[in-house]
Structures are given as structure tokens and as C-alpha cells.
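Fold and contact review
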Amino acid sequence: MSALAARPARPVLLLLLLLTGWLGLGVATAGPAAAHAELVSTDPGEGARLDEVPGEVTLTFSEGVSLGAGYARVLGADGERVDTGAAAVDGAVVTVPLRGGLPDASYVVTYRIVSADSHPISGAYAFVVGDGELADVGAAADDAPVDPFVSAALPAARSIGFAGLAVGLGVPAFLVLCWPAGWASPRMRRLTTAGLGTVAGAAVLTFLLQGPYAAGTGPASLFDPALLSATAGSSFGLTTLGRGALALVLAALLVPLWRRGGQPSVQEQAGLAVIAGGVVLAAAAVGHPVAGPLPVFATAVTAVHVAAMALWLGGLAALLAGLVRPGAEAGELAGALPRWSRIASRSVAALVVTGVVQSVREVGSPAALASTAYGWVLLGKLALVLLLLAAAGVSRVWVQQHLGISRPRPGSRRRVTAHAFAAAAASPASSDPGDPDEPVVAAARVRAAAQARGAVEDVGPLRRSVLVEAAVAAAVLVLSAVLVGIAPARAAVAEPVDVTLPLQSAAGESGSVQLSVDPARPGANTLHVYLFDEDGQLAQPTDLRVTLTEPEQEIGPLDVDLEPAGPGHWVADGMSIPGAGTWTLGVGVRLDEFTATTASTDFPVR
């Protein structure tokens, strides 16, 4: 992706090879959804009819969650809260204790929790105690969408933060690895300081926005003490503030180096690298990587991705601001380019490999690329990356034309290419007048110096090419920030349903039912129903009814035709789901003439 990558074709081939392998394998070994929590089960269940008011309501999600700035409440028929206000979270389970002495009525459970990847998840359902009617969930719930300003400001803050990371970390890395003389450049000092300040400012802004984002409120609540306290108590808030603090520490450590204007010592470089690594790790340890399976592995991969991005984009910024411009010192330009070429090539390889690993984890299957918003944004990002590689090819041609020479080597049949920046100035003491190669080497040195001066005078085309790369890279950063806020494609595509629910009767729980729907997509599906008694043994009821309902679209209930497939087992092969939506699968079981039980579950169809 570098403008000066030595062999830009290799990253292209690597990218295409990895993507082809993924498409061919179809990620057969992919695990469960990687991010965004989903409600798995509730107790009492949705639509359950109970004989007495339970002592508490439990909500079980697909991954660890937190209340944060959200809530979990139970409302009575009059819309007033009937819970004790002491909802608790234990991993993926949210428990809402209820007040004692509540009357028979319909109750609405409404929640807005924060998933492990920092995104809010909300919903509501109702159950009944006694013989009353089921409450209207839509009228009782107070679910609030994300405020438009907050929704737009969060990805903007992420984009600014990513840009600050690239400049604040990448520029000093470029100076250490490629351009030691740049430590005396005021431009590099201002660029790095501005980048690290931007990282800190973006971290604070993201911290302030997280509370309104999780609570569904607007910008007026940015400084709400309750929201600030909730965010500060979350791992997301602590990690975000930690990133900003480390960026400020790094900026402070760089101050004496800028004043000295010289290359930092090995010990100083090690200290700076440790702080910079902390900034990178803090940037990687939030969002999608920390949710779902193998969070440590995913965070490590993301950290490598962020570090490679910073090296690449920071190098581009340093080139534009300090070297690739009219009037640049020819020797410095010629000395920095070969080192940057090698670093950029390795950064490209790291970006490609880690990007594909992230895509496999977040997308899940090739089909999800074309069927989800996450997939389309990811494809757009990939297209821009390919455009960057094309711009890198143009820049490489310029470098070869302006800074490459060929010279014969006496005594050898081989011809090698000697670049202008590869010809180091020899000291008088190192010259050997008796060396027969000395005239050839001296002539090559003179020609290399002349080419370097000519390259500086004609640096305009290269600068324009690098500017194109930088502009496209900025667009890539924006798309990366947008991807952070979108549900991963794996969580947005259809997933087979496999859930076990308690069967509720007027006297309480009476056995359980296991339901599986595959593939949970519009059209023909296969439904398996297993009934178990209170001892966990397969049971044979006197009557069994299964229905499908889509409340928002006012579809159903649709009866599902079942065929017996063994003791306590029924199958509906070819069960038709008319379209996408959130469907409710209801089960009615009559165990005998006097005992009827019910269970239901909601599942997404996409």
C-alpha cells in the first residue's frame, strides 16, 4: 500500500490468494456469531400465562453484557415500574427482582443493555399472571433509538482517532527507522504532536458520546453525571480513556527529543515503543475484537492491523510533509526511500493477512458479503485498498525512473541495478587508488548524486501520487470507523435456531421443549420439536400445536404441520416462513385433559 513499496504486486497476489482460499473453503470452520449480543431465552417466557407473580425476571443473552447506561425494567399494567430497581448482571444473564405483593395482571419486560462490543441492544416482551389479557408491548415499552447526532458523531470521532493514531505513532516511527535527520524538523514535531493530541481528544469525545449512545439520548446528556459514571465503570470507557492518557504520556516523552533534535538512544526508543504499543493495544481492545470467541486472539490480530496501519499511513504523512516536496535535501531523500520501501512492504503484508483474518471472523461466510451492510462496506474498503495498490505501482515506476541506474561489475557476467539512494558517500580514507573498480564506482557515485538531485527537482509527480494514496487512505479510515459501529455480517445473517424452553402451565413449569429451525431464512425450513417431561425424559402429549407469528407485520398465527419422527420427536420438513422479520415460534402442549402448557421464542429471519 506504500507509494514506495518495492514489489507492490506481491501484496496484491497475497490478498487475492487469501480471499480466494476463503471463498473456496467457505469458512467451514467458522464459529458462532462474533459480536452483538442477542436475547437467547427469558424466564418467564414471552406470552407466558402464570398462576402467580414470580420473584424475578431473568434474561439470558448470547454473550456477556452490561447494563452500563442502559436499563432492565418490568412495568405493570399502568406503565409504572414494579421491579425493585436493583437489576443485576452475571455474565450473559440479567436478573430483575420484582416487588412483593403484586396483583394478577399483565407485565411488560423492557430492556436496553450494552453488549461486549459496546453496542446497545434493546427489546421488550410481555407475560400474564392470572386470566387477564396480554399487554400491548409497543404501548408500554419506552425503547429509544440512537439519536441522529450521536449516531453520526461516533464514527466521526473514531475516524479522527484513527487518523491521529496513524500520524502520532507513524511519524516518529518513520523518523526512527528511515529518517533520523527528521528529528530536527519542526514540521515533524508539529505533525506528531497534533496526531497524539487528536488521539487524546478523540478518546475523550468517544467516551462522552458512549453514554448517550447506550442510553438512547441526545447530545444534551453528554455531561450527564449518571451516564459518565456508567461509562467510566465499563471496560470500554476505561480502555478508551487509557488510550487517550497514553497518547498524552507519549507526547510528553517526545518533548525533550524534539528539543535535542537528534535520534533517540536505544533505551529511549525502547521506552517510546512500549508506550506506543500500549496505545495500539488500547485501540484494538474495544469493539468487535473483545466480543465473541477467542477475544485474546482477535485483539492481538487487530493490534497488528492497527500497528501496520500506523506505520504505513504515518510514513506517507512524513513523506508528504518532510521529504517528497520541492527543495528537499537530495541525500536525505535518497537515504530514506530504500528503508521505507522495505518497511512499507512488510506493513502491507501484515495489513492484508490480518484484514483477511478479521473478515473471516466478522463476516463468517462469503455469502454474507453481498447480503449485509457490513459486507458491502467491507467490499468498499477492499476496493479502495486495491486502488491504493494501483497508486503504489505508479509511484514505484517513478522511483525506478528517477533513482535507478545500471552499472557493470568487472569480473562478473551479471548486471545489477544500483539505485541512487544505495550509493553511500565514501570517505577519502576508504578510497583505494589502486582498486581497478574505483573509476567505475566513482562514476556511479557521481551519476547517483546527479540523479538524486534531479529527482528532487522533479518530485512533483511522485508527490501527486502519494497525495492520491493519502486521500484514498483517509477514505479507508472512514470506512473502518463505520465498520466498528455496524453489526458484524455474521451476526446479521440467518443463523439456525436451537433453543430449549421451559413449558409454562397455570401451576408453573411442567417439562420443556427443544426447538430447532434450520436455516431460519425466508422460504422452506426444517423444524424439529422434542418434548421432555419434568424428569427430562421424552414425553408423548395428547395434543401438540406449533404456530408462527410476525407481530410487527401482523402475520399469523400460522399453523405448522408436524409429522411424528419418534418418541417425543416431531418434524416439519419444508416449514414455510413467508419473509424476513422477527418471528415468534409458539408451542402449545396438552399433556392430559386438564394440563395445558405453552412456550415461545423469537428468532430473526433474514
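Keep in mind that this is a model prediction, so the values were computed, not measured. (Residues numbered from 1 in each chain as written. Predicted model: local features only at pLDDT ≥ 70, side-chain atom pairs only at ≥ 80, totals over all residues. Heavy atoms only, no water.)

1. Section: the environment of V353
Mapped onto the fold, V353 is located in helix 9 (residues 330-363). Judged by its relative accessible area of 38%, V353 is partly exposed. Through-space distance from the C-alpha of V353 to that of V304 is 9.8 Å; in sequence the pair is 49 residues apart. (Helix = DSSP H or I, 4+ residues; strand = E, 2+ residues; numbered from the N terminus. Buried < 20%, exposed > 50% of the residue type's maximum accessible area, 1.4 Å probe, protein only.)

2. A closer look at the sheet that holds strand 3 (residues 56-61)
Sheet strands pair via backbone hydrogen bonds, and the direction of the pair is either parallel or antiparallel. A sheet is described by the order of its strands in space; here four strands give the open sequence 1-3-6-5, paired in antiparallel fashion. Each edge of the open sheet carries a strand with a single partner, namely strand 1 (39-43) and strand 5 (88-90). Within this sheet the neighbouring strands show an average axis-to-axis angle of 20 degrees, counted without direction. Strand direction decides the pairing type here: strand 5 and strand 6 (residues 93-97), joined by three bridges, are antiparallel. Following the sheet pairing, A88 is matched in strand 6 by T95. (Pairing = 2+ DSSP bridges. Axes fitted to C-alpha atoms, helices over the stretch in contact; angles between N-to-C directions.)

3. Observations regarding the pattern of salt bridges
As a working rule, side chains carrying opposite charge can pair if their charged atoms are close by. According to the stated counting rule, one finds three salt bridges in the structure shown. In this structure, R81 engages D83 in a salt bridge whose closest nitrogen and oxygen atoms are separated by 2.7 Å. For D559, the salt bridge goes to R545, with nearest N and O atoms at 2.8 Å. Of the two residues, D559 sits in strand 15 (residues 555-559) while R545 sits in strand 14 (residues 543-550), which places them 14 residues apart along the sequence. Given the relative accessible area of 44%, R545 is considered partly exposed. (Salt bridge = Lys/Arg side-chain N within 4 Å of Asp/Glu carboxyl O.)

4. Quick word on a nonpolar patch on the surface
There is a patch of nonpolar side chains on the surface, built from L294, F297, V353 and V357 and spanning about 350 Å² of accessible area. In this structure, L294 sits in the loop between helix 7 (266-284) and helix 8 (295-323). On the basis of relative accessibility, which here comes to 60%, the residue L294 falls in the exposed class. (Patch = residues over 30% accessible without salt bridge, like charges linked within 9 Å, V, L, I, M, F, W, Y side chains within 5 Å. Areas by Shrake-Rupley, 256 points an atom, 1.4 Å probe, with all protein chains shown as cover.)

5. A look at helix 3 (residues 148-177)
The terminal C-alpha atoms of helix 3, which comprises 30 residues, lie 43 Å apart, in line with the 44 Å expected from a rise of 1.5 Å per residue. Remark: the principal bend of helix 3, roughly 30 degrees, maps to G170, with a proline, P172, within the next four residues. The buried count for helix 3 comes to 21 of 30 residues, which makes it a mostly enclosed element. A side-chain oxygen of the first residue of helix 3 lies 2.9 Å from the backbone nitrogen of F149; this N-cap is D147. (Expected span 1.5 Å × (residues − 1). Bend = angle between axes of the 7 residues up to and from the residue. Polar contact = N/O pair within 3.5 Å; in protein donor to acceptor, adjacent residues only side chain to side chain.)

6. Focus: the packing of helix 3 against helix 8
One way to put it is that helix 3 packs onto helix 8 with a least axis distance of 6 Å and a crossing angle of 70 degrees. Relative to helix 8, the element helix 3 lies roughly perpendicular. Seen from helix 3, the contacting residues are F162, L165, A166, V167, L169, G170, V171, A173, F174 and L177; seen from helix 8, they are V306, M309, A310, L311, L313, G314, G315, A317, A318, L319 and L323. Here the residues of the contact of helix 3 with helix 8 sort into 18 nonpolar, three polar and no charged. (Parallel < 35°, antiparallel > 145°, perpendicular 65-115°, else oblique. Contact = heavy atoms within 4.5 Å. Nonpolar A, V, L, I, M, F, W, Y, C, P; charged D, E, K, R; others polar.)

7. Some details on a negative patch on the surface
Taken together, the side chains of D51, E52, D104 and D131 make up a negatively charged region of the molecular surface. Tracing the backbone through its elements, the reader meets D104 in the loop between strand 6 and strand 7 (106-115). The class for D104 is exposed, based on a relative accessible area of 53%. (Lys, Arg positive; Asp, Glu negative; His and termini not counted. Charge placed at Lys NZ, Arg CZ, Asp CG, Glu CD.)

8. Observations concerning the sheet that holds strand 7
Taken in spatial order, the four strands make up an open sheet running 2-8-7-4, and their pairing is mixed. Bordering the open sheet on either side are strand 2 (49-50) and strand 4 (65-75), each of which pairs with just one other strand. Bridge count between strand 2 and strand 8 (residues 120-129): two bridges; the pairing is parallel. Looking at the pairing, L50 lines up with V129 of strand 8. Contacting strand 4, strand 7 and strand 8, helix 4 (residues 186-215) crosses the sheet at an angle of about 155 degrees to strand 7.

9. Regarding the side chain of Q210
Considering the arrangement of structural elements, one finds Q210 in helix 4. The class for Q210 is buried, based on a relative accessible area of 6%. Sequence-distant contacts of Q210, that is, excluding residues within four places in its chain, are made with V114, S118, T231 and F236.

10. Considering helix 6 (residues 235-260)
Under the 1.5 Å per step criterion, the end-to-end length of helix 6 is 38 Å for 26 residues, consistent within 8% with the ideal 38 Å. Along helix 6, the largest kink reaches about 30 degrees and is centred on L254; proline P256 follows within four residues of it. In the core, the buried residues of helix 6 are packed alongside helix 3, helix 4, helix 5 (225-232) and helix 7. G261 occupies a position one or two residues after helix 6 and carries a positive phi of about 70 degrees.

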